[in-house]
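Each chain, written out:
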Amino acid sequence: MFQHLKAQPADKILTLMQMYREDPRETKIDLGVGVYKNAEGVTPVMRAIKAAEHRLWEEQETKAYVGLAGDPGFSDAMIKLILDDAVPRELVAAAATPGGTGAVRQAFELIQMANPKARVFVSNPTWPNHISILQYLGIETVTYRYFDDETRGVDVEGMLADLGDVRKGDVVLLHGCCHNPTGANLNLVDWQAVVDLLNAQGGVPMIDIAYQGFGDGLEADADATRLVASSVPECLIAASCSKNFGIYRERTGLLMAVSQEAGARALNQDTLAFLNRQNYSFPPDHGARLVTMILNDADLRADWAAELEDVRRSMLNLRQGLADELQRLSGSDRFGFLAQHRGMFSRLGASPELVEKLRSDHAIYMIGDSRMNIAGLNAKTIPILAKAIVDVGV
Ligand code: LMR
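Residues numbered from 1 in each chain as written. Predicted model: local features only at pLDDT ≥ 70, side-chain atom pairs only at ≥ 80, totals over all residues. Heavy atoms only, no water.

Caption draft 1: Layout of the environment of Ala222. Looking at the element boundaries, Ala222 is found in the loop between β6 (204-209) and α8 (223-231). Considering only alpha carbons, one finds Ala222 and Leu83, 139 residues apart in sequence, at a separation of 7.1 Å. Here Ala222 is in contact with Ile82 and Gln212, once residues within four sequence places are set aside. (Helix = DSSP H or I, 4+ residues; strand = E, 2+ residues; numbered from the N terminus. Contact = heavy atoms within 4.5 Å.)

Caption draft 2: Fine view of the pairing of strand β3 (residues 120-124). Extensive coverage of β3 is indicated by the burial of 4 of its 5 residues. Judged from the 5 bridges that link them, β3 and strand β4 (residues 141-145) form a sheet pairing that is parallel. Of the residues in β4, the one forming a bridge with Asn124 is Arg145. In this fold, β3 hands off to helix α5 (residues 128-137), which returns the chain to β4; that crossover is right-handed. With 2 bridges connecting them, β3 and strand β5 (residues 171-175) associate as parallel partners. Bridge pairing in β5 links Val120 to Val171. (Buried < 20%, exposed > 50% of the residue type's maximum accessible area, 1.4 Å probe, protein only. Pairing = 2+ DSSP bridges. Right-handed = clockwise from strand over helix to strand, strands pointing away.)

Caption draft 3: Quick look at the nonpolar core. If you look at the biggest cluster of nonpolar residues, it comprises 72 residues, and the most contacted ones within it are Met78, Leu83, Phe245 and Trp304. Excluding its chain neighbours within four sequence positions, the residues that come into contact with Phe245 are Met46, Ile49, Leu81, Val291, Ile294, Leu295 and Trp304. Listed in part, the 27 residues of the second largest apolar core include Ile29, Leu358, Leu385 and Ala386. (Core = buried A, V, L, I, M, F, W, Y, C linked by side-chain atoms within 4.5 Å.)

Caption draft 4: Main features of the packing of helix α4 (residues 99-114) against α5. Viewed as axis vectors pointing N to C, α4 and α5 meet at an angle of 40 degrees, and their least axial separation amounts to 10 Å. Crossing hand, α4 versus α5: right-handed. Residues Thr101, Val104, Arg105, Phe108, Glu109 and Gln112 of α4 touch α5, and the partners they reach there are Asn129, His130, Ile133, Leu134, Tyr136 and Leu137. Each residue belonging to the contact of α4 with α5 can be placed in one class, and the counts come to 6 nonpolar, 4 polar and 2 charged. (Axes fitted to C-alpha atoms, helices over the stretch in contact; angles between N-to-C directions. Left-handed = near helix turned anticlockwise from the far one by under 90°. Nonpolar A, V, L, I, M, F, W, Y, C, P; charged D, E, K, R; others polar.)

Caption draft 5: Broad picture of the environment of Phe337. Position of Phe337 among the secondary structure elements: in helix α12 (residues 337-340). Under the relative-accessibility criterion, Phe337 is labelled buried at 8%. The spatial distance from the C-alpha of Phe337 to the C-alpha of Arg152 is 6.5 Å, given a sequence separation of 185 residues. Residues in contact with Phe337, not counting those within four places in the same chain, are Thr151, Arg152, Arg347 and Leu348.

Caption draft 6: Representation of the sheet that holds strand β2 (residues 92-97) in the model. The 7 strands lie next to each other as β2-β8-β7-β6-β5-β3-β4, forming an open sheet whose pairing is mixed. The sheet terminates laterally at β2 and β4, the two strands that pair on one side only. Within this sheet the neighbouring strands show an average axis-to-axis angle of 25 degrees, counted without direction. Inspection of the sheet shows β2 paired to strand β8 (residues 253-259) by 6 bridges, in the antiparallel sense. Bridged to Ala95 within β8 is Leu255. Relative to β3, α5 is tilted by about 150 degrees, and along the sheet it contacts β3, β4, β5 and β6. Across the sheet, helix α7 (residues 188-201) touches β5 and β6, and the angle it forms with β5 is around 170 degrees.

Caption draft 7: Spotlight on the site of the ligand. Close contacts around the ligand come from Ile13, Val33, Gly34, Trp127, Asn180, Tyr211, Lys243 and Arg371, and that covers them all. The side chain of Lys243 places a nitrogen or oxygen atom 3.1 Å from an oxygen atom of the ligand. Compared with its free state, where it exposes 260 Å², the ligand has 78% of that area covered by protein. (Near = heavy atom within 4 Å. Polar contact = N/O pair within 3.5 Å; in protein donor to acceptor, adjacent residues only side chain to side chain. Areas by Shrake-Rupley, 256 points an atom, 1.4 Å probe, with all protein chains shown as cover.)

Caption draft 8: Quick peek at the domain arrangement of the chain. By the assigned domains, the chain splits into domain 1 (11-45 + 301-388) and domain 2 (65-296). Each partner contributes to the interface: domain 1 provides 26 residues, whereas domain 2 provides 30 residues. Regarding the contact of domain 1 and domain 2, the summed buried area is about 2400 Å², with carbon and sulfur atoms giving 60% of it. When the buried surface of domain 1 facing domain 2 is broken down by residue, Arg301, Trp304 and Arg347 rank first, second and third, together holding 28% of it. The tally of links from domain 1 across to domain 2 stands at 1 salt bridge. Put simply, Asp216 and Arg342 hold a salt bridge, and the shortest N to O gap is 2.9 Å. For the pair domain 1 and domain 2, the number of links is 13 residue pairs in polar contact (both at pLDDT 80 or more). Put simply, the parts of the chain that give the side of domain 1 that touches domain 2 at least two residues each are α1 (12-22), α11 (298-330) and β9 (345-347). In terms of residue count, α11 provides more of the side of domain 1 that touches domain 2 than any other element does, 7 residues in total. Partitioned by chemical class, the residues of the side of domain 1 that touches domain 2 number 12 nonpolar, 6 polar and 8 charged. (Domains from an automatic or database assignment. Buried area = accessible area lost by both parts, 1.4 Å probe. Salt bridge = Lys/Arg side-chain N within 4 Å of Asp/Glu carboxyl O.)

Caption draft 9: Expanded view of the pattern of salt bridges. Here the structure, examined in full by the defined rule, presents 22 salt bridges. The partner of Arg25 in a salt bridge is Asp23, and the shortest N-O contact between them spans 2.8 Å. On the basis of relative accessible area, Arg25 is assigned to the partly exposed category, the value being 29%. Lys80 is the partner of Asp84 in a salt bridge, and the nearest nitrogen-oxygen pair spans 2.8 Å. Accessibility expressed as a relative area gives 31% for Asp84, which makes it partly exposed. Via salt bridges that share partners, Arg47, Asp303 and Glu307 belong to a single interconnected network.

Below you can see the structure in the form of structure tokens.
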């Protein structure tokens, strides 16, 4: 049996992570995998998570199974965090999943079950694992224009033109905020245009929201998702708690299926539970319980939101610092987009050859498409990176 296995294409992000670990150079800078790091290069456990873990350790009396869709209290708290009152709770089916990737995977499976002919439209570029999972499941994938190499912003016109090919029942995958890998985002006027177009074409939006709180703030980062969920007949939302709660390895996520048809929820809910059962039975509970505790406790919530806001501001400062230093060294404003982008990532717009040169000559690690994890920088490394960028001739 095993001799029939074929080597699978390596994941770009995880391969780079490994290369970085193996590089003996002390001056190396990791701008690869999307993990937040503070100025000391540490990915800290957030204060509220520590406090919630402490409380959980004292209070929890059983580790018996919860439910196939996870704890309904977790779903309620997350739906409120992401959608607030944009959609009545009774229109939302939801299930906990192992991380945001788990939610994405379950969403794709649901799409395939509901409509085997559905094509999934993804932005060019998108998170590489979106495409990898779609291909693995054999779902037809279509790309739509998104990143404008010239302006390093969104090519809204190109995007809307390409979404004109969406047929009734096709799904369009959108990043709720902090687009990964580019950092370039639609404004709310553009979002409305996308919604209007999808409604006209009969396309179903699927939102991947993995960085709420990392861009313009907890509420502002949810605006687009709220707009979509309240303006379309149905949509899917895959949410991650990995980044904004800093619980990467706990694998905590939620998949929501929103339908404006009141009668649809029960079947959607059963389907989400069924899909969980087929893939891993019960979703992990530890991270979900911590998140629920934090969101439902005024003190823990305030402390979590304050720490998240510090994280967001520190990334904005790093962005501005890098843009300023590049302006100083290059004598041009062409890197100003770095301060405009939002979230953890920015696509620098360097060729793969230059990205390789940054790695070989300067021990700077970014993904081959020139995606940089801004949180991998600090006050000391900003001048080093800026100089290297100018030196290699980006
Ligand atoms: C990333 O894009 O770097 C993160 O989402 C981590 C991952 O799993 O790829």
